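# Results of the structural survey
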Amino acid sequence: MFTFKPTSKPTFIPILRRGASSLAAVCAVALGPAAHAFDITSADMRDHGTLSDRQVLNGFGCTGGDTSPQLAWSDPPAGTQSFAVTLYDPDAPTGSGWWHWVVYDIPADVRGLAAGAGAGDGKSAGLPAGARHGRNDFGTYRFGGACPPAGDKPHRYVVTVTALKVAHLPLPAEPSGAMVGFMVNANRLGSATLTATYGR
């Protein structure tokens, strides 16, 4: 029986290797450098940490600082025309959660909010020029701190900054948090979140 015995090593392996390297190089050039993800950070809230007393309500049996957290964000999606910031408790025993802070129409060139920016009880007090407060579930136009029912398991407090494709949301003069949330989601380009917990 005839048996084939190659007299030299096949050459297709190095060719494939060179081809794979070339393909990777072409893809890298075509795609460009890796895009940075839209991100949010805070000096006052640690993601998956516990809220400090500064972000706890002063009222309803709670005795905190009632101060909105410092926030900073970076690398928003291309085409961003404005931002919205919300702080929401999905664990509040209401059937629909609880809106603690609602800010919208933040100009596209803004990259953060200072601690206490939500202190003014007014539609734009304490905010960057052009930005507005929506009504929180305390019925005020400002930040309202955490105050879950005593004995509940710790609640989650979710801060979200959303990049929007419009400079101004089409909202009435005194929108609720839920209405702002609806329009934010309808015009969303991307979002970034921080989540902290608090219980008492």
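All of these numbers come straight from a predicted model, not from anything done at the bench.

### Things to note about the sheet that holds strand 5 (residues 82-89)
Spatially, 8-6-5-9-10 is the arrangement adopted by the five strands of the open sheet, whose pairing is antiparallel. Each having just a single partner strand, strand 8 (132-133) and strand 10 (188-198) make up the two edges of the open sheet. One ladder, built from two bridges, connects strand 6 (residues 98-107) with strand 8; its direction is antiparallel. Across the sheet, residue Val103 finds its bridge partner in strand 8, namely His133. Packing against the sheet, helix 2 (residues 177-186) makes contact with strand 5, strand 6, strand 9 (155-164) and strand 10, and its axis sits at approximately 50° to strand 6.

### Here we look at the packing of aromatic side chains
The tally for this structure, following the rule as stated, stands at six aromatic pairs. Considering the side-chain rings of Phe60 and Phe138, the 5.9 Å spacing of their centres and the 45° angle between planes classify their relative orientation as tilted. Residue Phe60 is located in the loop between strand 2 (58-59) and strand 3 (62-63), and its partner Phe138 is located in the loop between strand 8 and strand 9; the two are separated by 78 residues in the primary sequence. With relative accessibility at 69%, the residue Phe60 sits in the exposed group. Centroid distance Trp98 to Phe138: 5.2 Å. Interplanar angle 70°. Geometry classified as edge-to-face. Of the two residues, Trp98 is situated in strand 6 and Phe138 in the loop between strand 8 and strand 9; the sequence distance between them amounts to 40 residues. The structure contains a cluster of three or more aromatic residues connected by ring pairs, namely Phe38, Trp73 and Phe83.

### With respect to the pattern of salt bridges
Close approach of charged atoms lets side chains of opposite charge pair. A full pass over the atoms with the stated rule returns three salt bridges. Arg54 is paired through a salt bridge with Asp44; the nearest N and O atoms lie 3.7 Å apart. Taken as a pair, Arg54 in the loop between strand 1 (39-41) and strand 2 and Asp44 in the loop between strand 1 and strand 2 lie far apart in primary sequence, 10 residues in all. By relative accessible area, Arg54 is classed as partly exposed at 42%. A salt bridge links Arg142 to Asp66; the shortest N-O distance between them is 3.6 Å.

### Brief notes about the nonpolar core
Counting 31 residues, the largest nonpolar core has Trp73, Val85, Trp101, Ile106 and Val161 as the members making the most contacts within it. Among the secondary structure elements, those contributing two or more residues to this core are strand 4 (71-74), strand 5, strand 6, strand 9 and strand 10. For Trp73, the contacting residues outside a window of four places in its chain are Phe38, Asp39, Ile40, Phe83, Val85, Ile106, Val110, Arg111, Gly112, Leu113 and Val161. One finds Ala84, Tyr104, Leu171 and Met183 within the second-largest nonpolar core, a separate group that totals 10 residues.

### Observations regarding the sheet that holds strand 4
Here three strands make up an open sheet; going across it, the order is 1-4-7 and the pairing antiparallel. Looking along the sheet, the strands with just one partner apiece sit at the ends: strand 1 and strand 7 (112-113). As paired strands, strand 1 and strand 4 are joined by three bridges and run antiparallel to one another. Across the sheet, the residue bridging to Ile40 is Trp73, located in strand 4.

### Points about the pairing of strand 9
In terms of residue burial, strand 9 counts as a mostly covered element, since nine of its 10 residues are buried. For strand 5 and strand 9, the ladder comprises seven bridges, and the chain directions are antiparallel. What sits directly across from Tyr88, in strand 9, is Val158. Alignment of strand 9 against strand 10, held across 10 bridges, turns out to be antiparallel. Residue pairing across strands places Leu164 opposite Arg188, the latter belonging to strand 10.

About the thresholds
- Along each chain, numbering runs from 1 in the same order as the chain's sequence is written.
- Only residues with pLDDT of 70 or above have their local features reported here, since the model is predicted, and side-chain atom pairs are shown and tallied only from 80 upward, although totals for entire chains, interfaces and linings are computed over all residues.
- Computation of side-chain values: all heavy atoms of the structure, hydrogens and water removed.
- For two strands to be treated as a pair, DSSP must find at least two bridges joining them.
- Here a strand is any run of E in DSSP of at least two residues, a helix any run of H or I of at least four, and the numbering for each starts at the N terminus.
- Note on contacts: a residue pair qualifies if any of its non-hydrogen atoms lie within 4.5 Å across the two residues.
- With axes taken as lines fitted to C-alpha atoms, and helix axes fitted only over the stretch in contact, angles between N-to-C directions fall between 0 and 180 degrees.
- Two rings belonging to Phe, Tyr or Trp (six-membered ring only in the last case) form a pair when the distance between their centres is within 6.5 Å. Interplanar angles under 30 degrees mark stacking, angles over 60 mark edge-to-face geometry, and anything in between is tilted.
- Type-normalised accessible area, obtained with a 1.4 Å probe on protein chains alone, sets the label of each residue: buried when under 20%, exposed when over 50%, and partly exposed for intermediate values.
- Any carboxyl oxygen of Asp or Glu within 4 Å of a side-chain nitrogen of Lys or Arg constitutes a salt bridge here.
- Among buried residues, the Ala, Val, Leu, Ile, Met, Phe, Trp, Tyr and Cys ones that are joined through side-chain atoms within 4.5 Å form a nonpolar core.

Everything listed is a geometric property; what it means functionally is a separate question.
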